[in-house]
Amino acid sequence: MPLEISKKDNKFYLNGKINSETVPFLISYFNAVTSSEVVININDIKEIDKVGLTTIYNFIDKSHINNMLFSVEGYGCKEIYDYFQEMKIA
């Protein structure tokens, strides 16, 4: 299943998979966003691989450079947060 992104009320809803095949689309999409606050909802994500997690981490990590707030909400956020904490330790 490809990755689909829709926007409603300043939130971006992701549906499908975030993996090495869909990451280029994800990067391209969010590089074009000019909003100062980006919230992505991952409730409808079926799979996130290591490349996808690293991409989301990079978005969050680099958002301060552009004076942007980038956050993730939805089911699975705790697992993503835990993964990010492991990345900081390593």
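The paragraphs below set out a description of the structure included in this document. (Residues numbered from 1 in each chain as written. Predicted model: local features only at pLDDT ≥ 70, side-chain atom pairs only at ≥ 80, totals over all residues. Heavy atoms only, no water.)

Considering the packing of aromatic side chains
Pairs of aromatic rings are described using the distance from one ring centre to the other and the angle between the two planes.
Right, on to step 1. Under the definition given, this model contains seven aromatic pairs.
Right, on to step 2. Note on Phe12 and Tyr29: the rings are 6.0 Å apart at their centroids and 85 degrees apart in plane angle, and the pair reads as edge-to-face. A residue pair is termed long-range when its members are at least 10 positions apart, and Phe12 in strand S2 (residues 11-18) and Tyr29 in helix H1 (residues 23-31) qualify at 17 residues.
Right, on to step 3. Given the relative accessible area of 3%, Phe12 is considered buried.
Right, on to step 4. Members of the aromatic cluster, joined through ring pairs, are Phe12, Phe25, Tyr29, Phe30, Phe59 and Phe70. (Phe/Tyr/Trp six-rings, centres within 6.5 Å; stacked < 30°, edge-to-face > 60°. Helix = DSSP H or I, 4+ residues; strand = E, 2+ residues; numbered from the N terminus. Buried < 20%, exposed > 50% of the residue type's maximum accessible area, 1.4 Å probe, protein only.)

Section: the packing of H1 against helix H2 (residues 50-63)
Right, on to step 1. H2 packs onto H1 with a crossing angle of 15 degrees between their chain directions and a minimal axis gap of 10 Å. Comparing the axis directions of H1 and H2 gives the class roughly parallel. For the crossing formed where H1 meets H2, the hand is right-handed. Facing Val23, Leu26, Ile27, Phe30 and Asn31 of H1, the residues of H2 in contact are Val51, Gly52, Thr55 and Phe59.
Right, on to step 2. Partitioning the contact of H1 with H2 into residue classes produces six nonpolar, three polar and no charged. (Axes fitted to C-alpha atoms, helices over the stretch in contact; angles between N-to-C directions. Parallel < 35°, antiparallel > 145°, perpendicular 65-115°, else oblique. Left-handed = near helix turned anticlockwise from the far one by under 90°. Contact = heavy atoms within 4.5 Å. Nonpolar A, V, L, I, M, F, W, Y, C, P; charged D, E, K, R; others polar.)

As for the sheet that holds strand S4 (residues 69-73)
Right, on to step 1. Strand order across the open sheet formed by four strands is S1-S2-S3-S4, with mixed pairing between neighbours. Bordering the open sheet on either side are strand S1 (4-8) and S4, each of which pairs with just one other strand. Going from strand to strand, the sheet's axes swing by 25 degrees on average, the running direction of each strand aside.
Right, on to step 2. The pairing of S1 with S2 spans five bridges and is classified as antiparallel. Residue pairing in the sheet places Lys8 in a bridge with Lys11 of S2.
Right, on to step 3. Running at roughly 165 degrees to S2, H1 makes contact with S1, S2, strand S3 (37-48) and S4 of the sheet.
Right, on to step 4. Against the sheet, H2 contacts S2, S3 and S4, and its axis sits at roughly 140 degrees relative to S4. (Pairing = 2+ DSSP bridges.)

Describing unusual backbone geometry
Right, on to step 1. Although it is not a glycine, Asp9 sits at a positive phi angle of roughly 55 degrees.
Right, on to step 2. Here Asp9 lies in the loop between S1 and S2.
Right, on to step 3. Positioned with a positive phi, Asn10 is a non-glycine residue whose angle comes to about 65 degrees.
Right, on to step 4. Counting through the fold element by element, Asn10 comes out in the loop between S1 and S2.
Right, on to step 5. You can call Asn10 partly exposed: its relative accessible area is 49%.

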